Every structure is written in C-alpha cells, then in structure tokens.
Amino acid sequence: MSQGILLELLQISRKLLIDSVSAFGLLLLDFIIWPTPLRNIMTQREGLFSYTTLTHAIAGATGGVLATMMFYPLETVKSRLQIEENQRRDNQNSFKIMIELAEEEGVSTLYRGMLPVVQSVCVSSFVYYYTFHGLKTFVKSPSVSKDLILGIVAGSINVLTTTPFWVVNTRLKMKGLRSFEPLRYSSLLGGLKRIYLDEGLGALWRGTGPSLLLTCNPAVQFAIYETLKREIGSNLSAIHYFFLGAFSKCVATILTYPLIFIQNLQRHGHKYKNLKANANALELILYITRTLGIQGLYKGLEAKLLQSVLMAAFVFVTYEKVKQMVHRVLLPTKLVK
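Predicted model only: the values in this text are computed from it and were never measured.

Caption draft 1: Seen up close, the side chain of Glu226. On the secondary structure map, Glu226 appears in helix 11 (residues 216-232). By relative accessible area, which is 6% here, Glu226 ends up buried. Ignoring any residue separated from it by four or fewer positions in sequence, one finds Glu226 in contact with Phe132, His133, Lys136 and Asp147.

Caption draft 2: Expanded view of the side chain of Glu75. Along the chain, the position of Glu75 falls in helix 4 (residues 72-83). Among the residues examined, Glu75 registers a relative accessible area of 10% and is labelled buried. A distance of 2.8 Å separates a polar atom in the side chain of Glu75 from a polar atom in the side chain of Gln307. Ignoring any residue separated from it by four or fewer positions in sequence, one finds Glu75 in contact with Lys173 and Gln307.

Caption draft 3: Expanded view of the pattern of salt bridges. A complete count under the given rule lists eight salt bridges for this structure. The closest approach of N and O atoms between Glu105 and Arg112, which form a salt bridge, is 3.6 Å. A relative accessible area of 31% places Glu105 in the partly exposed class. The salt bridge partner of Glu320 is Lys229, with a shortest N-O separation of 2.9 Å. Separated by 91 residues along the polypeptide, Glu320 in helix 14 (residues 301-330) and Lys229 in helix 11 bring together distant segments of the chain.

Caption draft 4: Examining the packing of aromatic side chains more closely. Scanning the model with the defined rule gives 14 aromatic pairs in all. Between the aromatic rings of Tyr128 and Phe132, the centroid separation amounts to 6.2 Å while the plane-to-plane angle is 10°, which identifies the pairing as stacked. Taken together, the residues Tyr128 and Phe132, both in helix 7 (residues 114-136) and four residues apart, mark about one turn of the helix. The residues Tyr128 and Phe132 share a single accessibility class, namely buried. Each ring, one from Tyr129 and one from Tyr319, has its centre 4.9 Å from the other, and the planes form 45°; the classification is tilted. Separated by 190 residues along the polypeptide, Tyr129 in helix 7 and Tyr319 in helix 14 bring together distant segments of the chain. When its relative accessible area of 6% is taken as the criterion, Tyr129 is described as buried. Joined through ring pairs, the aromatic side chains of Tyr128, Tyr129, Phe132, Phe222, Tyr225, Phe316 and Tyr319 make up one cluster.

Caption draft 5: View of the nonpolar core. Residues Val77, Leu110, Tyr111, Tyr129, Phe132, Phe222 and Phe316 are the most contacted members of the largest nonpolar core, which totals 40 residues. Taken together, the elements giving at least two residues each to this core come down to helix 3 (51-70), helix 4, helix 6 (94-105), helix 7, helix 8 (144-172), helix 11, helix 12 (238-268) and helix 14. The element contributing the most residues to this core is helix 14, with eight residues. Listed in part, the 18 residues of the second largest apolar core include Ile260, Leu275, Tyr287 and Leu305.

Caption draft 6: Layout of a nonpolar patch on the surface. A contiguous nonpolar surface patch, about 410 Å² in accessible area, is contributed by Tyr196, Leu197, Leu201 and Trp205. Relative to the assigned elements, Trp205 resides in the loop between helix 9 (188-199) and helix 10 (208-213). Relative accessible area serves as the criterion here: at 33%, Trp205 is assigned to the partly exposed category.

About the criteria used
Counting starts from 1 at the beginning of each chain's written sequence and moves along it residue by residue. The model is predicted, so local features are restricted to residues of pLDDT at least 70 and side-chain atom pairs to those at 80 or more, both for listing and for counting; the totals for chains, interfaces and linings are taken over all residues. Only heavy atoms go into the side-chain values, all of them from the structure, while hydrogens and water stay out. Only runs of H or I of at least four residues qualify as helices and only runs of E of at least two qualify as strands under DSSP, and these elements are numbered from the N terminus. Note on classification: 1.4 Å probe, protein chains only; a residue is buried when its accessible area is under 20% of the maximum for its type, exposed when over 50%, partly exposed between these limits. It only takes one pair of heavy atoms within 4.5 Å for two residues to be counted as in contact. For the purposes of these results, a polar contact is taken to be a pair of N or O atoms within 3.5 Å, where, inside protein, one atom must be able to donate a hydrogen and its partner to accept one; residues adjacent in sequence count only when each atom of the pair is a side-chain atom. Any carboxyl oxygen of Asp or Glu within 4 Å of a side-chain nitrogen of Lys or Arg constitutes a salt bridge here. Ring geometry is summarised as follows: Phe, Tyr and Trp rings, the Trp one being its six-membered ring, pair when their centres sit within 6.5 Å, and such pairs are stacked at plane angles under 30 degrees, edge-to-face over 60 and tilted between the two. Definition of nonpolar core: a set of buried residues of the types Ala, Val, Leu, Ile, Met, Phe, Trp, Tyr and Cys, connected through side-chain atoms within 4.5 Å. A patch consists of residues exposed above 30% relative accessible area that lack any salt bridge, with like charges linked at up to 9 Å and nonpolar side chains (Val, Leu, Ile, Met, Phe, Trp, Tyr) linked at up to 5 Å. Surface exposure here means Shrake-Rupley accessible area, sampled with a 1.4 Å probe, where a residue is shielded only by the protein chains that are shown.

Any functional reading would require information that these geometric values do not contain.
Pasting the structure below:
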C-alpha cells in the first residue's frame, strides 16, 4: 500500500515539475522577444527599476514556485501538526505522517490548497527578491549588518503586501477536514472576498504582528547566505548553492520557529479551550507555555525544518542558475551580481 502511494506521489511530482518547467520556458521566451529598444532601456538603467533587479525577482519567484510544488506534501504535514490537535502524530516522523495521511484521506490531501499557495509564493518571492536586490544597489560596501537591514525592510514590505494571501492559504489547506468548519470558498480570490465580507478587512491581515517579527527569518537567512557567498568567492557550483541555502535556512528557522508557529495559529484560528478565539500573539505564547511547556512552541519543528531546509536549498540553486541562464540569454555581455 505504502509503495503504491509513493509511486503515485512521484508521478504527481513529475507532472508538476514538467508543467512548471514548461511555464518557465514560455516566460523566458516572452522576455527574449521583447522589443529591442525596450530591452536596451531596461539594461541601461541602474538601481531599483533596472533589468538586473527584475532578473533577480524572476529567478527568485521561479525558484520559490518550483520548490513549493516539489516539497508541498511536507508543507501539508507541517500545517497539520501545527493546527490539528492530534497527539498520536506528535511523535511520528514526517514521512510516516505523510504516508498515513495518504492512506486515510487519499494522496490528494497532501496537495490540498496547493494552487493558491503556489500563486502566493510566486507573488511573495517576486516582491521580496525585487525589493532586497533593488535596495542592495544603493549599498556601497556590503556587510552582514547591511544585509540584515535590507532583509528586514524587504520582508516588511513583503508582509504588508501579501499577508492576505497567506491568511486564505492557511485556511484552504484545512478545507474539507471534518475537524474544521467548512469553507465557503475554494480559490485565492474567493477567499479574499469572503473573509473581507464575513470578518472584515482586518481579518485579512491577521497574524501580521508575528509576520513582521518573522522578517528576521529571511533577513538572517539572506545575511548568512550572502556573507558565505562573499567569503567563499565566485565560480560556485550548484552543490555550493545547495548547502549554503540549506545551512542559512536551518539557522534562521530554528531561531524563529516559535513565531512561525504562533503566526500559523493566528491565521487559521486555534482550538485551545479556555482561550478566546481572537487571542493575540502574546496570549497564545503564554497559554501554550503554561499548558504545554516551552516544547509546545516547537510543535511540528521537525517537519518544518525538513520542508524549509530542502526548499531553501532548492530555491537558491534554482535562483542562481535561472538568474545566470536568463542573463546569458538576454545580456551576454554583462554580469548579474
């Protein structure tokens, strides 16, 4: 039974990867056939509105989308561990939970709510990479502290513009489960509209506080990644990018996981007894530590680490390679840094 499920997962992942690569090919073709005058204007500009910045954003969004689709079942496991009250699964490893979910609810449950997540990742990654590298053009001499500041600024802009997408996504992941109330929407836009009408505009930015604090996560990640890249030097291979991305994300995730956990609870809604439904981040932290101990704030860490580290490693490899490929096609005489 488990072998059949794994084969089905591999077939789904293969199809998703082929579709993603095809979509990126069309996107690249679109850029290649840009009118020459327009391309020349973009390549001559420097700073925030430049071709180089756009290249970083496209590469980052591509890496984010491909990685999300490839490792989405791990994201599902992480979300279920964080939000569901199922003590039986707390001590199980991620792959065992994945197989168990597929056997009990079908393989499709591992990809529940994936399309809105992919759409949001695309927008979010584009905004973050564009902002980070756009602002970086104004920095004369890069350093760890400057990378941290740029990461926090880029992350804050990203949070304020894309939080509504993630509120909808968190709920769509749990759609159809018996332990949660049925949703009246099934798409990203439908969710945005329904939450606004039913709960008000503020509900779309629920969890913004922890999210703003969590801007330190990608900030730490990028600071470590960029610093290590500078220290190691140029001519890095895909293996270098893989391990640099994995290491930087591992450190950032361990340091900030309690905030990630609280953020998820606020976006979806908790099921704790004796705690009001709209509890703020501090109230949630105090309640969890009082009833479950400090370890309660690290529920689902193993799944999150596995998912985040693998995704980050894949994202950075894809980002660097796509950046180089797009640049070689469109600007063979320059170098994207």
